[in-house]
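Here is how the chains run, residue by residue.
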Amino acid sequence: MAEYTEGIVLHLSRFSDRAYILHTYTRSHGRMQYLVYGLHNKKGNIPPAAVEPLSLIGMETSDSLSGQRMPTLKQAHLLYSSAHLQPDIRRKTVALFLAEVLTRSLHLPMEDTDLFDYLRQLIRYLDTTPSPENIHLLFMLQFAHYLGFTPTLEEDGEILDMQLGEMLSLRPQHDDFFTEAETSLLRQLESDHTLSISRTTRQQLLRKLCRYYELHIDGFQTPKSLDVLEEIFD
């Protein structure tokens with residue numbers, strides 16, 4: 001039995017000589033994987049643009065909840081045709097980084113329509129904003145809310161303790177914290193997405209946010225695309 005759902009592409013991996021696995025985050029089931037056949041067939045039902053990282057797609061699949069083998073992606077089409085995401089190397093690299101963070105953070109087939117709707121809005125914002133430089137920082141702050149470890153930046157204090165996710169008045173006895181200046185920038189960024197941040201400071205903030213995720217998600221590793229991202233925005 002076929003079913004239809006909306007999905008956000010995370011990445012594509014090789015399964016065999018004839019098949020790929022499309023890793024997605026779906027509106028109906030959360031994190032899902034689908035077998036894809038005939039991807040490079042010119043007469044196929046899955047256009048190449050539909051398997052790019054962070055593509056928002058409509059999917060016709062075999063029954064995802066049948067309990068049998070991995071479901072198959074039968075057809076796919078773009079639900080949002082981006083104007084700038086693929087041609088712009090900056091936006092495309094940010095999309096790759098965001099997709100990798102999602103891949104390393106979301107593991108269960110668990111429905112969360114609020115998260116899906118947030119990601120859909122984020123994709124459109126990434127495509128249309130004239131200033132994409134801070135989107136990855138903003139995403140890391142906002143996505144933590146859906147994962148259950150939002151940093152409490154609105155509380156009193158000048159230093160954000162990454163281990164606790166709480167504000168402190170004095171520096172902790174460990175190295176996992178944002179300095180007063182860094183914490184101030186994170187607070188400003190929440191209200192001003194186009195905040196002017198130097199390249200060096202942006203890199204420091206992003207690496208610390210990745211460390212924050214490592215502390216709160218079992219098995220999370222800093223995305224490999226981070227190095228590419230830093231080069232692009234150098």
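Reading the values: the criteria
Residues numbered from 1 in each chain as written. Predicted model: local features only at pLDDT ≥ 70, side-chain atom pairs only at ≥ 80, totals over all residues. Heavy atoms only, no water. Buried < 20%, exposed > 50% of the residue type's maximum accessible area, 1.4 Å probe, protein only. Helix = DSSP H or I, 4+ residues; strand = E, 2+ residues; numbered from the N terminus. Pairing = 2+ DSSP bridges. Patch = residues over 30% accessible without salt bridge, like charges linked within 9 Å, V, L, I, M, F, W, Y side chains within 5 Å. Areas by Shrake-Rupley, 256 points an atom, 1.4 Å probe, with all protein chains shown as cover. Salt bridge = Lys/Arg side-chain N within 4 Å of Asp/Glu carboxyl O. Lys, Arg positive; Asp, Glu negative; His and termini not counted. Charge placed at Lys NZ, Arg CZ, Asp CG, Glu CD. Phe/Tyr/Trp six-rings, centres within 6.5 Å; stacked < 30°, edge-to-face > 60°. Lys NZ or Arg CZ within 6 Å of the ring centre and 35° of its normal. Axes fitted to C-alpha atoms, helices over the stretch in contact; angles between N-to-C directions. Contact = heavy atoms within 4.5 Å. pLDDT = per-residue confidence, 0-100.

Participant: So what about the pairing of strand S4 (residues 56-62)? Which residues, and what values?
Facilitator: Successive residues of a regular strand alternate their side chains across the two faces of the sheet. Counting buried positions along S4 yields six of seven residues, so the element is predominantly enclosed. Where strand S1 (residues 2-14) and S4 come together, seven bridges link them in antiparallel fashion. Bridge pairing in S4 places Thr5 opposite Met59. Examined bridge by bridge, S4 and strand S5 (residues 73-78) share five bridges and lie antiparallel to one another. In the sheet register, Ile57 faces S5, and the bridge partner there is Leu78.

Participant: Outline a negative patch on the surface, listing residues and values.
Facilitator: On the surface, Glu154, Glu155, Asp156, Glu158, Glu166, Glu180 and Glu190 cluster together into a negatively charged patch. With respect to the element layout, Glu155 can be found in the loop between helix H3 (135-147) and strand S6 (159-161). Relative accessible area serves as the criterion here: at 37%, Glu155 is assigned to the partly exposed category.

Participant: Break down the packing of aromatic side chains for me, citing the residues and quoting the values.
Facilitator: Summed over the entire model, instances satisfying the criterion amount to six aromatic pairs. Ring centres 5.0 Å apart and planes at 15 degrees place the aromatic pair Phe139 and Phe143 in the stacked group. One end of the pair is Phe139 and the other is Phe143, both in helix H3 and four residues apart, which spans about a single turn. Take Phe139 and Phe143: they sit in the same class, and that class is buried. Through a chain of ring-to-ring contacts, three or more aromatic side chains come together here, namely Phe139, Phe143, Phe149, Tyr212, Tyr213 and Phe220. Across the ring face of Phe177, the terminal group of Lys208 is positioned such that the distance to the ring centre comes to 5.6 Å.

Participant: Please set out the sheet that holds strand S2 (residues 19-26) residue by residue, giving values where relevant.
Facilitator: Sheet architecture is open: five strands sit in the order S3-S2-S1-S4-S5, paired in antiparallel fashion. Only two strands of the sheet have a single partner each, and these edge strands are strand S3 (30-37) and S5. Adjacent strand axes in the sheet meet at a mean angle of 45 degrees when their direction is disregarded. Relative to S3, S2 is paired through eight bridges, and the arrangement is antiparallel. From the neighbouring strand, Leu22 faces S3, where its bridge partner is Tyr34. Most of the contacts of helix H1 (residues 89-105) go to S1, to which it runs at about 105 degrees, and overall it touches S1 and S3.

Participant: Outline the side chain of Glu182, supporting the account with residue identities and numerical values.
Facilitator: Tracing the sequence through the fold places Glu182 in helix H4 (residues 180-191). We classify Glu182 as buried; its relative accessible area is 9%. With near-sequence residues (within four places) excluded, Glu182 lies in contact with Phe177, Gln204, Leu205 and Lys208.

Participant: Before we move on, can you summarise the environment of Leu115 with the specific residues and values?
Facilitator: Considering the arrangement of structural elements, one finds Leu115 in helix H2 (residues 113-128). Once the C-alpha coordinates of Leu115 and Leu147 are considered, the two residues, 32 residues apart in sequence, prove to be 9.4 Å apart. The residues contacting Leu115, other than those within four sequence positions of it, are Tyr25, Leu106, Phe143 and Tyr146.

Participant: Describe the confidence of the model for the protein chain, listing the residues and the values that go with them.
Facilitator: The predicted model of the protein chain has a mean per-residue pLDDT of 91, with 97% of residues at 70 or higher. By mean pLDDT, the top-scoring element of the protein chain is strand S8 (residues 177-178) (97), and the lowest-scoring one is helix H6 (residues 225-232) (87).

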